[in-house]
Amino acid sequence: MAKGINQRCKLLYLASLLSSRTDEEHGLTMAEIIESLAADGV
C-alpha cells in the first residue's frame, strides 16, 4: 500500500518530469530525478 497520495502519483510525477526536462540530447541523472521528486513531496 502506498504511504501517501504523492506516492500513488509517483509515476505521473516521473512522466511529467521526464517529458518536460529531457529530450534526445539532454537527460537527467538519477540524483536529479530523486531531488526533483523530493521537491514535489514524492
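Above: the structure in question.
Residues numbered from 1 in each chain as written. Predicted model: local features only at pLDDT ≥ 70, side-chain atom pairs only at ≥ 80, totals over all residues. Heavy atoms only, no water.

(A) Structural detail: the overall build of the protein. Across its full length, the protein carries three helices and zero strands. Structurally, the protein occupies a C-alpha span of about 35 × 15 × 15 Å along its principal axes. The buried share of the protein, reckoned over its 42 residues, is 14%. As displayed, the protein has an accessible area near 3,500 Å², and 56% of this comes from carbon and sulfur atoms. For the protein, the separation between the mean place of its 4 positive charges and that of its 6 negative charges on side chains is 19 Å. (Helix = DSSP H or I, 4+ residues; strand = E, 2+ residues; numbered from the N terminus. Buried < 20%, exposed > 50% of the residue type's maximum accessible area, 1.4 Å probe, protein only. Areas by Shrake-Rupley, 256 points an atom, 1.4 Å probe, with all protein chains shown as cover. Lys, Arg positive; Asp, Glu negative; His and termini not counted. Charge placed at Lys NZ, Arg CZ, Asp CG, Glu CD.)

(B) Seen up close, helix H3 (residues 30–39). Within H3 the residues assigned to the buried category are Ile33, Ser36 and Leu37. The buried residues of H3 all sit within an arc of 100° when viewed along its axis, so they share a single face. For H3, exposure combined with an orientation more than 90 degrees from the buried face picks out Ala31, Ile34, Glu35, Ala38 and Ala39. Of the surrounding elements, those touching the buried residues of H3 are helix H2 (10–21). Once H3 finishes, Gly41 follows within two positions and takes phi at roughly 85°, a positive value. (Arc of directions from axis to C-beta. Contact = heavy atoms within 4.5 Å.)

(C) Region of interest: the side chain of Ser36. By secondary structure assignment, the location of Ser36 is in helix H3. On the basis of relative accessibility, which here comes to 15%, the residue Ser36 falls in the buried class. Apart from the residues within four sequence positions on either side, Ser36 is in contact with Leu17 and Arg21.

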